[in-house]
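Below are the chains, spelled out letter by letter.
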Amino acid sequence: MSKSDPSSGGQQMWGGRFAAQPDDAMQAINASIDVDQRLWREDIEGSKAHAAMLAAQGIITAEDNAKIQAGLDQIAAEIAEGRFPFSRALEDIHLNIEARLTERIGEAGKRLHTGRSRNDQVATDFKLWTMRAAREAADGLRMLQKALVKRADEHADWIMPGFTHLQTAQPVTLGHHLLAYVAMAERDRVRLIGAALEAAWECPLGAAALAGSTFPIDRETTAHALGFHAPAGNSLDAVASRDFALAVLANLAIAATHLSRLAEEIVLWTSPQFGFATLSDAWSTGSSIMPQKRNPDAAELIRAKAARIGADFAALNAIVQKLPLAYAKDLQEDKQLTFNAFDNFALSLTSMIGMIETMTFNRAAMREAAARGYSTATDLADWLVRDLKTPFREAHEITGRIVRRAEQLGVRELVDLSLAEFQAVDPRINEAARALLTVEKSVESRDCYGGTAPERVREQIARWKENFK
């Protein structure tokens with residue numbers, strides 16, 4: 001890379017203080033245009049609002065404002081159409097757009113930066129981008145919820161094992177299991193939308209470099225024009241803080257963790273050892289040496305990308321936590337971390353939706369697995385408590401002795417143990433109690449609000465569908 005760029009006239013926008021051009025390595029480490037050019041829409045939006053305010057305040061003329069507005073619209077079209085000549089010598093998207101504007105409209109373009117600094121400009125642009133990205137991520141989570149609810153509706157009464165410690169615990173329904181992730185995604189949406197709304201309260205524009213502006217600017221007008229509730233009340237905080245990005249990334253990392261947990265279940269369910277589900281060909285890969293393989297690579301990569309999103313949050317937090325007020329160049333790294341996190345989240349979300357929509361489930365395999373491990377033992381203990389008024393700890397001990405006897409006899413399900421064997425442990429147990437120990441009866445009996453009974457699952461499905469409206 002040369003030490004100057006023709007598009008900048010051989011001089012950086014800030015170059016009056018310096019007699020010589022920066023070293024090539026200095027330009028390389030200092031430039032961020034390869035990353036922050038994604039902010040072009042926000043930068044143009046902010047600049048148009050700023051110019052309109054300057055004209056309304058009599059700081060620039062109406063004629064200059066008209067030229068700036070038209071020039072910025074032309075630049076927006078150039079970028080959208082891929083015709084914009086980005087220059088690394090101009091460092092970032094802000095100077096690139098300003099230089100191009102001056103090239104197009106002349107002296108009026110040089111007046112745009114009156115009353116602002118790149119510090120408040122970039123903070124405003126980045127806030128606007130992050131707010132929009134958070135809302136889009138929340139919209140994507142809604143699409144995942146709809147896909148999960150649809151599959152839950154199709155499998156509201158399909159029985160599968162519920163696990164604790166990855167050991168068979170109690171029977172549940174597949175519909176109930178899928179709805180658990182719908183509930184997680186709803187909390188993720190609320191957190192992301194909340195973080196976006198919190199960021200929208202205060203607009204940095206007008207804080208200038210760090211101390212505010214000497215010009216009679218109207219910060220209320222620009223704040224409202226850009227969708228903020230009010231201008232930031234402290235100019236130091238406005239340019240130095242990135243907690244809006246930290247809050248969004250923290251919430252994005254939690255959402256990615258939930259995607260990762262579902263991805264892990266898909267990896268398990270689609271393994272031959274479980275055999276609960278099969279991924280479609282579109283969401284499976286093969287092996288270069290083993291022709292029989294169907295690998296859940298997308299699910300595995302979602303797990304890895306969740307780790308990267310969490311790492312992006314941790315990295316930004318580490319950058320910010322050591323900075324004194326106000327602005328430092330360290331904050332240039334905030335955008336790449338945030339952009340990468342949202343890119344990985346969007347890809348993970350799209351992949352998860354694709355897998356959920358096209359996955360097929362094996363009802364027989366899930367039902368058979370649900371019956372293993374004496375998963376209805378708690379139902380017997382509950383019967384002893386409910387019908388015979390046995391203290392629960394005593395009921396727990398009686399049931400444990402029956403399970404041990406079933407293991408000794410090699411009986412797979414408690415319901416297959418003879419009544420005589422039950423009564424050898426406790427003579428009060430009758431045939432009615434024994435009949436309750438099928439997996440079907442077990443899930444039907446759990447009909448409290450939020451339980452796994454198919455009736456309750458369908459109730460929750462209807463509630464979610466109504467919520468989506």
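The structure under discussion appears in the preceding block.
Residues numbered from 1 in each chain as written. Predicted model: local features only at pLDDT ≥ 70, side-chain atom pairs only at ≥ 80, totals over all residues. Heavy atoms only, no water.

A.B. asks: When you look at the packing of aromatic side chains in this model, what are you seeing that I'm missing?
C.D. replies: Centre-to-centre distance and the angle between the planes together describe a pair of aromatic rings. By the definition in use, this model includes 8 aromatic pairs. Ring plane angle 70 degrees and centroid distance 5.5 Å describe the contact between Phe126 and Phe244, whose orientation is recorded as edge-to-face. Here Phe126, found in helix H7 (residues 118-154), pairs with Phe244, found in helix H11 (residues 243-269); they are 118 residues apart in sequence, far enough to count as distant. Grouping residues by exposure puts Phe126 and Phe244 together as buried. Judged by centre distance (6.3 Å) and plane angle (70 degrees), the ring pair of Trp269 and Phe361 falls under edge-to-face. In this pair, Trp269 is assigned in helix H11 and Phe361 in strand S6 (residues 360-361), connecting sequence segments 92 residues apart. When sorted by exposure, Trp269 lands in the same class as Phe361, which is buried. Put simply, the rings of Trp129, Phe339 and Phe342 touch in pairs and so form one group of aromatic residues. (Phe/Tyr/Trp six-rings, centres within 6.5 Å; stacked < 30°, edge-to-face > 60°. Helix = DSSP H or I, 4+ residues; strand = E, 2+ residues; numbered from the N terminus. Buried < 20%, exposed > 50% of the residue type's maximum accessible area, 1.4 Å probe, protein only.)

A.B. asks: Would you take a moment to explain the pattern of salt bridges for this structure?
C.D. replies: Per the stated rule, a full pass over the model turns up 40 salt bridges. Across the pair Lys110 and Glu107 runs a salt bridge whose closest N-O atoms are separated by 3.4 Å. Within this pair, Lys110 and its partner Glu107 are both found in helix H6 (residues 107-110), separated by 3 residues, close to a single helical turn. Salt-bridge contacts for Glu421 lead to Arg405; the nearest nitrogen and oxygen are separated by 2.9 Å. Linking Glu421 in helix H17 (residues 419-425) with Arg405 in helix H16 (residues 392-409), this pair joins segments that are 16 residues apart in sequence. Looking at Arg405, the relative accessible area reads 31%, which means it is partly exposed. Where salt bridges share partners, they join Glu78, Arg100, Glu103 and Arg104 into one cluster. (Salt bridge = Lys/Arg side-chain N within 4 Å of Asp/Glu carboxyl O.)

A.B. asks: What's the story with the pairing of strand S2 (residues 167-173) in this structure? I'm lost.
C.D. replies: Every other side chain in a regular strand lies on the same face of the sheet, so the side chains alternate between the two faces. In this sheet, S2 lies alongside strand S1 (residues 159-164) in antiparallel orientation, the contact comprising 6 bridges. Each residue of the ladder has a partner; that of Gly162, found in S2, is Gln170. (Pairing = 2+ DSSP bridges.)

A.B. asks: What exactly am I supposed to notice about the environment of Glu264 here?
C.D. replies: Here Glu264 shows up in helix H11. Look at Glu264 and you get partly exposed, because its relative accessible area is 30%.

A.B. asks: Looking at this structure, how should I read the packing of H7 against helix H20 (residues 454-468)?
C.D. replies: Helices that pack against each other are described as a pair by the angle of their axes relative to one another and the distance between those axes. In the contact formed by H7 and H20, the axes pass within 10 Å of each other and the chain directions differ by 150 degrees. Looking at the two axes, H7 sits roughly antiparallel to H20. Relative to H20, the crossing made by H7 is left-handed. Along its contact with H7, which presents Arg142, Gln145, Lys146, Val149, Ala152 and Asp153, the element H20 presents Ile461, Trp464, Lys465, Asn467 and Phe468. (Axes fitted to C-alpha atoms, helices over the stretch in contact; angles between N-to-C directions. Parallel < 35°, antiparallel > 145°, perpendicular 65-115°, else oblique. Left-handed = near helix turned anticlockwise from the far one by under 90°. Contact = heavy atoms within 4.5 Å.)

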